[in-house]
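# Fold and contact review
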Amino acid sequence: MSEADTRTPLQRADALLARMTVEEKVRQRGCCFPLTLLGHDSELDEPALHQRLSQGIGHVAPLTLYGYKPPAVAARLAGQIQRFLVENTRLGIPAIFHNEGLNGVLAPQCTVFPTAIGLAATWNPDAVRRLAGVVARAMRAIGQHQALSPVMDVARDARWGRVHETYGEDPYLVSAFSVAYVQGLQGEDLTEGVLATGKHFLGYAAGEGGLNLAGTRIGARELYEVYARPFEAAIHLAGLGSVMNSYAEVDGIPAGASRAVLTGLLRERLGFTGTVVSDYGTIPMLVDRQHVARDTTEAAILALTAGLDVELPTTVGYGSAFADAVTADRVATDALDDAVRRVLHDKFALGLFERPYPCEDPIVITRTARDGADLAAELARQSITLLANDHGLLPLSRDITRIAIVGPHADDVTGAFGAYTYPGSVAMMRALAAGQGATMQGLDSSDDFLSPGALTAIGRELRPVLAQTPGDWIRADYPTCSLADAIRALAPTATVTVVPGAGVLDDEPGDIRAAVAAARDADVVIAALGGRCGWFHGPLTEGEGIDTADIDLPACQVELVTAVAATGTPVVGVVHTGRPMALTGIGEHVAALVWAAYGGQEQAAAMADVLFGVVNPGGKLPYSIPRHSGQVPIHHAQQANSGYRGAGYRDMPSTPLFAFGHGHSYTTFGYTDLTVSPQSVDTDGTLTISVQVTNTGDVAGDEVVQLYVHDDATGVVRPAQELAGFHRLCLAPGAARQVRFTLPLTQLGYLDPAGRFVLEPGPIQVMVGAASDDIRGTATVEITGPFRELTGHRTYLGIATAVPVPEGAKA
């Protein structure tokens, strides 16, 4: 092995950086939009390659997002682009191909897992770590090296359309899933994994009014303790390699141009050493939307100074004009070199110089891309959450004779695929190519991204799917089915009548009378309700650029449920949604209520399994479901004696309709023998909390045991409860386990009035239960010892295990 091969990625990056011209350096900070490289035959165009890539490039945007490129085709084209870069540029530097990876690789035929909020409802980070490993292998197979995932935003506003992309409202829960996802993507050896990208830094989910792109108006304490926590945890526990900026302003300064955010907080306080990439169109938005720069060159200088290393998805600011600004000494050369060094470091760490080309075997590529179907089914089942079953209607008997399925999702396969899935991207591109305007300000502000020429090319590239109905091509590309299909398979002797009765939204056609007639002739009605998720356009209830002031289930669906329930036939409500949707309007009309996020290709089969008892639901809500829009934002960690824990409203209860962590089962669980040791512990000590959990019912089931704490602090009002640990376990009827939590007190730090991250002596309350509002046991522990500053000594996640109950403790 040569000497060069033994050097670290940083040493190799420094050596290569010393050989680069200003133009070559600048090009490494840019990105190429791949449609500009394709000819009318959908193959690479040689003149375009020379025109756009002759000086090299940092990134290439997804080949699979903007056209129908099956895995083997995408891999072949990626290899051809890499070969041009390696063989036809002066330094032969390969590109990083990035793609979305929120719930699977965003590419045709790749396995589609539940969206992130559904993954969070499993409360199973270990399974999600395995999912991320599947995503990494599929990305590598098609020649992609960086996932623009996971979303680490803490989402507490149900009006915001992107809640479904997140892991929910709690910083501990979001941290646990963020760490797991990053670990799965990057793996133990980055040359076999892909670079993870935590987004959106910072406070993006907390925009004013619940609006996408709106400014973030939260204090420094909450910004660090809540919204920065998942990023800091992923940096220190998983070695997070990349971060993407938020579109929003923080304290009046756009995050993409804020040195206080991208350098002061991210690098200097949180300890991040990786690469910062822009969210799509960030630099031109500084000019066109936020009006903080006169032109894109000035915007690029602001972004570089702030600490933004790479511009995505196309080079607008970090182009030739920026290189001229460097030559004219308008740009600090050291800042440019630091950014380029980080990009080169990533490429060496990913092993791109040794292995720039993807696999060439189409059979291997396709098999790898489609891997993970069993895991997708497991996660879809685990995510489904039983909100109410007061009358014991569920599970349904498979011997039932007459079933009516109503609602907009009764016989539809498209609804399971939200934004950031390939079917979701096709729906967006179909609409945009047809001339439907985007609903997100600044979307069309970058050079190549969704320009008129790009939209024409998109329409050409999508011909294989645009010629078919969405349901037809989705069924052909994915092993999926509708809820009606899945129910027919589980109850083959039943007469199943399907009458949607209503659309998702009020202005969509429906026939409630026909649904009522079907309900009268049925033994049970399954109402498949909920939202529709997508991107930027059209008749949607949520998605990027799709925010809503009214979070209620649409009125047409409430009217449908009310009408069919009036027949006297019992109704099971099945609600598919990503953001919290107020369900007060149907609560009194349904005998049982089941929640599911957009579950991907296995959603319908998983839901049918739960409805008929093949699977016992064990999901728990990763957010609070409000009663009314007026409660928003609402979350379980509101401060003591404020929010819904205070005086409340005049016209309705101030508590949520369903609390964070809520979820029923077809069995019951008892909690006994809560112990905490030691009863008195120093500020640098560790607590062990144990509780015995017993399945007291007659069927096997999963329970998620949740640990909460409350700590009063001098001069600072702390949350009434903070999630401090959780553990999902499966118990047979009558079986018991002792669940043990190891809680380092350094996990409980907070910012004191002076802005120091500290822990002080005094009492803390420990709570264990089945939900944030279903606490089964409490204890008080005294923290002793000196006041302690925790800077550099913070713990982010505790340890939870389930062990056999000690012999002497068994009932």
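I will try to describe carefully the structure that is included in this document.

Now for the overall build of the protein. Looking only at helices and strands, one finds 25 helices and 29 strands in the protein. Here the C-alpha radius of gyration of the protein, 26 Å, is about what a compact globule of 811 residues would show, namely 28 Å. Dimensions of the protein along its principal axes, counting C-alpha atoms only, are 75 × 70 × 55 Å. Within the protein, the fraction of its 811 residues that count as buried is 64%. Within the structure as shown, the protein displays about 27,600 Å² of accessible surface, and the carbon and sulfur contribution to it stands at 50%. If the 59 positive side-chain charges of the protein are averaged to one point and the 88 negative ones to another, these points end up 2 Å apart.

This brings us to the pattern of salt bridges. Evaluated as defined, the whole model comprises 31 salt bridges. A salt bridge links Asp14 to Arg341; the nearest nitrogen and oxygen atoms lie 2.4 Å apart. Highlighted residues: Asp14 in helix H2 (residues 9–17) and Arg341 in helix H15 (residues 333–349), separated in sequence by 327 residues. Exposure remark for Asp14: the relative accessible area of 33% places this residue in the partly exposed category.

Counting 229 residues, the largest nonpolar core has Ile81, Phe201 and Phe322 as its most contacted members. Setting aside its immediate chain neighbours within four residues, Phe201 contacts Phe231, Val243, Met244, Asn245, Ser246, Ala255, Val261, Leu262, Leu265, Leu266 and Leu270.

Time to look at the environment of Glu354. Locating Glu354 in the fold gives a position in the loop between H15 and helix H16 (362–369). A relative accessible area of 45% places Glu354 in the partly exposed class. Between the alpha carbons of Glu354 and Thr191 there is a distance of 9.5 Å; along the sequence they are 163 residues apart. When near neighbours in sequence (up to four residues on either side) are disregarded, Glu354 contacts Asp5 and Arg12. There is a polar contact of 2.7 Å between the side chain of Glu354 and the side chain of Arg12.

Once that is clear, we can look at the packing of aromatic side chains. Under the defined criterion, the tally for this structure stands at 16 aromatic pairs. For the pair Tyr167 and Phe177, a centre-to-centre distance of 5.4 Å together with 25 degrees between the ring planes defines the contact as stacked. Taken together, the positions of Tyr167 in the loop between strand S4 (146–147) and helix H8 (171–186) and Phe177 in helix H8 put the pair 10 residues apart, joining distant regions of the chain. With a centroid separation of 5.2 Å and an interplanar angle of 50 degrees, the aromatic rings of Tyr318 and Phe322 are classed as tilted. Relative accessible area serves as the criterion here: at 0%, Tyr318 is assigned to the buried category. Here Phe322 falls in the buried class, since its relative accessible area comes to 0%. Aromatic ring contacts, followed pair by pair, group Tyr68, Phe417, Tyr422, Trp473 and Tyr478 into a single cluster.

What counts as what
- Residues numbered from 1 in each chain as written.
- Predicted model: local features only at pLDDT ≥ 70, side-chain atom pairs only at ≥ 80, totals over all residues.
- Heavy atoms only, no water.
- Helix = DSSP H or I, 4+ residues; strand = E, 2+ residues; numbered from the N terminus.
- Rg over C-alpha atoms; globule rule 2.2 N^0.38 Å.
- Buried < 20%, exposed > 50% of the residue type's maximum accessible area, 1.4 Å probe, protein only.
- Areas by Shrake-Rupley, 256 points an atom, 1.4 Å probe, with all protein chains shown as cover.
- Lys, Arg positive; Asp, Glu negative; His and termini not counted.
- Charge placed at Lys NZ, Arg CZ, Asp CG, Glu CD.
- Salt bridge = Lys/Arg side-chain N within 4 Å of Asp/Glu carboxyl O.
- Core = buried A, V, L, I, M, F, W, Y, C linked by side-chain atoms within 4.5 Å.
- Contact = heavy atoms within 4.5 Å.
- Polar contact = N/O pair within 3.5 Å; in protein donor to acceptor, adjacent residues only side chain to side chain.
- Phe/Tyr/Trp six-rings, centres within 6.5 Å; stacked < 30°, edge-to-face > 60°.

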